[in-house]
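So the chains spell out like this:
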Amino acid sequence: MLYVGASHIPTRLLSRRSIFLSQKHGDAALTLCTERISRVRCTVRSCSGSSSQLNLVDWVTTQGGKVSGVALVNLAGRDGGSGWGLKAETEIAVGTKLIELPARCHLTYSASEDVKLLRLIDQVPSELWGAKLALQLLYHRVRGADSSFSSYISNLPVGVSGIPMFFPRECIAAIEYPPVTEQVKKRCKWLFEFSQNVLGKLPGTEEDPFAGVSVDINALGWAMACVTSRAFRTKGPQHPASCLPLIDMANHSFEPNAEVRSNGQGIDLYSKTKLCPGDPLLLSYGNLSNDFLFMDYGFVINDNPHDRVQLRFGTDLVQAGAMVASVQSSDGEALNINPTAWQNNLLMQLKLAGPEADTEVTFGGPDHVDSRLLAAARILVAHEETEVQGRSLERLGKLDQPLNRRNERAALRSLSGVAAFSLSRFSSTMEEDESALLSGHVCSSLKHAQQQESVGNLNQKSSQGDVEAEPIPLTEDMRLALRFRVQKKKILSNAIRAMGRKLQELAKSSSPVPELNTAPRKGQAPPAATKKGFGQPSKA
Ligand SMILES: C[S@@+](CC[C@H](N)C(=O)[O-])C[C@H]1O[C@@H](n2cnc3c(N)ncnc32)[C@H](O)[C@@H]1O
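Labelled according to an unreviewed UniProt entry, the protein appears under the name SET domain-containing protein, originating from Chlamydomonas eustigma.

See the structure below:
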């Protein structure tokens, strides 16, 4: 989903996201779906005869639009790679209008639509905006040459590649990241149920907007893939999305040289920078994480600044991190996180506990850890309430505002442990994945792990014993799955490194980070009080 002036996260195709670290793969619906739509191609035959189609530029012009200084070209292998794109034909100044697309060229739906189609669209839950627009696209597709959009539709990709909803099972399993795999499964399940229970029953009924043409799971899957990878929200998130012919041929960059603007009725494409002849025109699809780029558009950006690793917060998560990093309490025992009332109260204020909790926390971004997770770690490793007193929640979450040396060491080490623990959930190391990507082959033990359907079981790699080394060629889908998970591993590794650097800085620093007076270890005399009332530096 692309936005006009896009910079915010799109409405999700399905709003509820799932849990990294705790969910499992595999249900019957997904199996059925991925077998049936493993290579999505539209199977719909139009009910009118074919006629000669115009190329997109001519079609836009005949519909009253304008195109100047740009051409539609096949850019395979360049700037977006997967086929078509727009390029500048001449030198173009900043702020030049390149495409003018009148409202009649926007493929969308409104109250003026066929009532049968609107009733069908109404049966789709509102969060599934992509499916609603997909039905509209199919409505035009079955009309063939009778549809005013036939030239646009004939220029859409026939088969959609890269979108995990259409991956074979082993490639979905290889993603190994539940927030995406669970979402993919939900989409597949909905697609399967809607095609069986609603679309499959339409032909021959009064309610059929498709005039007797059978619309099956492949057709709906194709339309959904087209729509999620090319639609724009021209009127804001509350209004139906639209496909914008020709403009939707621009590929994505986080440093775009073109932008889309609404002129009230129609939509225009403008240059955002000076362009030279041959420059590809690139739009920003929004500040999207790789999760959305992968699921909706079928590609992944290396070192995407908007990518994150999602975790579901719980005190047990920080406890697991503290255990992995061997964090000790002041008595030299392993740190036991057992929050008291004041700690629970602060977690509730952070909305990480209680009835209104939103427990999604992330690694990644400029600080490598999100502020709520950092604040929660500082709170949970604190010995006493006095350590956090006088601190706002905002300040508790600031990386450059530690509470005291002992607390900061314990918090950073616990967070490092959480990231290390999350890394250990993958079946292979980053280096193994990178070498598979380089060689173009996946080694059989990696493949073996991928065939295990449960992410929860992926740690069994070592207990399975060595599987005979047999290199298996990487398919394009498998390559994308590996690239996606390498990026997640990179985020976690970078977070571990960043915490390590912070710990080193803390050890070296002569800045006035207060040193907390730690309780004496069992059998030890209490440290001598200094003038300021603080004890000697602890070794935690
Ligand atoms: C809005 S369409 C752009 C036109 C498209 N290239 C085509 O041939 O129809 C979005 C699709 O283009 C491809 N794409 C766009 N930007 C890309 C990028 N930066 N890297 C890789 N693929 C990209 C993806 O396949 C995506 O689903």
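Another aspect to go through is the nonpolar core. Counting 142 residues, the largest nonpolar core has Leu 135, Phe 210, Leu 220, Ile 247, Leu 269 and Phe 363 as the members making the most contacts within it. Element by element, the count of residues in this core is highest for helix 17 (residues 476-508), at 11 residues. Shared between two domains, this core holds at least three residues of each, these being domain 1 (2-63 + 102-257 + 289-297) and domain 2 (307-511). With residues up to four places along the chain from it excluded, the contact list for Phe 210 reads Leu 120, Leu 135, Leu 138, Tyr 139, Val 142, Leu 199, Leu 202 and Val 215.

In this section: the environment of Thr 228. Here Thr 228 lies in helix 8 (residues 217-228). Owing to a relative accessible area of 4%, Thr 228 belongs among the buried residues under this scheme. C-alpha separation for the pair Thr 228 and Ala 241, spaced 13 residues apart in sequence, amounts to 9.7 Å. Side-chain polar atoms of Thr 228 contact the backbone oxygen of Ala 225, separated by 3.5 Å. A distance of 3.3 Å separates a polar side-chain atom of Thr 228 from the backbone oxygen of Asp 296.

Another aspect to go through is the pattern of salt bridges. Two side chains carrying opposite charge are able to pair once their charged atoms lie near each other. In total, this model carries 19 salt bridges according to the counting rule given. The partner of Asp 433 in a salt bridge is Lys 489, with the nearest N and O atoms 2.6 Å apart. Of this pair, Asp 433 sits in helix 15 (residues 430-439) while Lys 489 sits in helix 17, placing them 56 residues apart in sequence. For the pair Asp 433 and Lys 489, a shared accessibility class is recorded, and that class is buried. Of the charged contacts, one joins Lys 502 and Glu 505 as a salt bridge, the two residues approaching to 3.5 Å between their closest N and O atoms.

Basis of the calculations
Residues numbered from 1 in each chain as written. Predicted model: local features only at pLDDT ≥ 70, side-chain atom pairs only at ≥ 80, totals over all residues. Heavy atoms only, no water. Core = buried A, V, L, I, M, F, W, Y, C linked by side-chain atoms within 4.5 Å. Buried < 20%, exposed > 50% of the residue type's maximum accessible area, 1.4 Å probe, protein only. Helix = DSSP H or I, 4+ residues; strand = E, 2+ residues; numbered from the N terminus. Domains from an automatic or database assignment. Contact = heavy atoms within 4.5 Å. Polar contact = N/O pair within 3.5 Å; in protein donor to acceptor, adjacent residues only side chain to side chain. Salt bridge = Lys/Arg side-chain N within 4 Å of Asp/Glu carboxyl O.

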